[in-house]
Amino acid sequence: MMKRARLVNMVRSVRSDPEDGGMMVRIFIAYAGIALLLFALAAAAVLWMSYANVSPKSSMKRMASAVSADFFIDMLGMEATSMKRPGETTFSGGKIGVYLAERMFHVDPSEPKSLLASELPALRSGQPGGGLIAKGPSPADGKDGTPAPSGTTDTPGGEAPPPEQGEPPQTGTGTAPDPAAPAGGGGTAAPDPIPVHKPTTEGRKVAFVYHSHPRESYLPELNVSNVNEAEDSKTNVTLIGKRLAEKLEEEGIGSAHSGVDYPTAVQGYNWNFSYKYSMQTVKEAFAQNKDLAFLFDIHRDSAGRDITTASIGGKDYAKVYFIVGKKNERWEQNEAFAKRIHEKLEASYPGLSRGIWDKGSGGHAEYNQSVSPNSILIEVGGAYNSLEECYRTADALAKTIAALYWEAEKVNAPASVSAKGTTSDAAAVAVHR
């Protein structure tokens, strides 16, 4: 009854004072209009996204994939006490300040030298926000401080590089010396060297290269300037994967490549299901090639050029970044595989690898790595690198992977190598042990 009396009194006061009543009506209409406008804009945005088949910008997508489930649980816990986790949470103490500093300014408050890292690449040990498992050596030479590799033809000072695996040593004239040839250049010419048999997998496909985000591209190859627009249906990271597969073939490693464009191949495509689509591609590849042992999901990063570029022997290369996801229960095996490639790559091309990043167990952090201990995600360069720089890196990566494979083949030679030089999957298994 009291509530009814109050309501009656309010109505009477409005009737007695028409100006106050008119003001309240205008305020109500204004609020209702704003609410309807926001509702209409939201509905229009949803309809536009569904019909235009668009996905969030790359920066938003990467941030969402990097945030763990605990982050969202802690956000809910701030409002609903029943969902609050015991002990330390994402927002405990100064954690939120540290997180914002790392994400917005690329500075780690707990590491003073990170304040200088943006200007002094030698101090940079990896991107904030991730767990850097392994990193390249401290820079020393070159455009961005990385010395030239010991195994490339661009060795400074005119020194001859070490011979490639399986090739005879080279002299200044490009031919191997014959110990039996007379000194002084007299007598008969030295016989041609006996050709060295190059090992192959003899038609067996043991490596598979694919792309969960096939449209990731590079700004120098596109007519755009915004990193969020560095995507294309044709000129994209699939060209790098194709180059890697071709170079692995040249090294005797039977390889297959998938450049399927999921946004056009999958009806009702949704970027958030990218790894679901690529997992299907991996399963189809296994069905076609029972000998597959290596799986490489090639991406490109969105970091700045100074972070994703190495100068080696006077030429620019796109740096590689190995990503390991702990959502895979056997992630240690994949990490060991990535570490072997990282170390081998750094031995020949110092500074080419940015290291190995542990993405934790949140978001998409499985990356199809549970299907094989020799499955890894590799980011080749960033949006500001050119295809030429990425091709150089793909060539170096192919040589490194092939060297690891054939070294493992030698270890297993008595049991796995026939008279013709073929290998079994035991060589591939040895790589990750």
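Residues numbered from 1 in each chain as written. Predicted model: local features only at pLDDT ≥ 70, side-chain atom pairs only at ≥ 80, totals over all residues. Heavy atoms only, no water.

(A) Structural detail: the nonpolar core. The biggest cluster of nonpolar side chains holds 43 residues, and the ones touching the most others in it are Phe296, Phe322, Ile378 and Val380. Sort the elements by how many residues they give to this core and helix H12 (residues 387-411) lands first, with 11 residues. Apart from residues no more than four positions distant in its own chain, valine 380 is found in contact with Tyr218, Ile240, Ile298, His299, Arg300, Ala318, Lys319, Val320, Cys390 and Thr393. (Core = buried A, V, L, I, M, F, W, Y, C linked by side-chain atoms within 4.5 Å. Buried < 20%, exposed > 50% of the residue type's maximum accessible area, 1.4 Å probe, protein only. Helix = DSSP H or I, 4+ residues; strand = E, 2+ residues; numbered from the N terminus. Contact = heavy atoms within 4.5 Å.)

(B) Region of the structure containing the side chain of serine 258. Here serine 258 shows up in the loop between strand E3 (255-257) and helix H8 (262-265). With relative accessibility at 14%, the residue serine 258 sits in the buried group. Here serine 258 is in contact with Phe208, Val209, Tyr210, His211 and Thr281, once residues within four sequence places are set aside.

(C) Layout of the pairing of strand E7 (residues 320-324). Counted residue by residue, E7 has five buried out of five residues, so it is predominantly covered. Of the strand pairs in this sheet, E7 and strand E8 (residues 353-358) are connected by four bridges, and their pairing is parallel. Its bridge partner being in E8, isoleucine 323 is matched across the sheet by tryptophan 357. Where the polypeptide runs from E7 across helix H11 (residues 331-348) and back to E8, its parallel neighbour, the crossover connection is right-handed. Strand direction decides the pairing type here: E7 and strand E9 (residues 375-382), joined by four bridges, are antiparallel. Counted as the bridge partner of tyrosine 321 is glutamate 379 from E9. (Pairing = 2+ DSSP bridges. Right-handed = clockwise from strand over helix to strand, strands pointing away.)

(D) Quick peek at the confidence of the model for the chain. Averaged over every residue, the pLDDT of the chain is 75; residues scoring 70 or more account for 58%. Below a pLDDT of 50 lies the segment residues 121-130, which in the model reaches 27 contacts outside its immediate sequence neighbourhood of four places, other chains included. Predicted confidence for residues 137-187 stays below pLDDT 50, and this span has 70 contacts to residues more than four positions away or in other chains. (pLDDT = per-residue confidence, 0-100.)

(E) Geometry of the pairing of strand E2 (residues 207-210). Side chains Ala207 and Val209 project from E2 onto one buried face, and the interleaved Phe208 and Tyr210 project onto a second face that is buried too. Pairing geometry for E2 and E3, over three bridges, is parallel. Paired with valine 209 across the two strands is histidine 257, which belongs to E3. In this region the chain leaves E2, passes through helix H7 (residues 238-250) and returns to the parallel neighbour E3; the handedness of that crossover is right-handed. Bridge count between E2 and strand E4 (residues 294-301): four bridges; the pairing is parallel. Within E4, the position partnered with tyrosine 210 by the bridge is aspartate 297.

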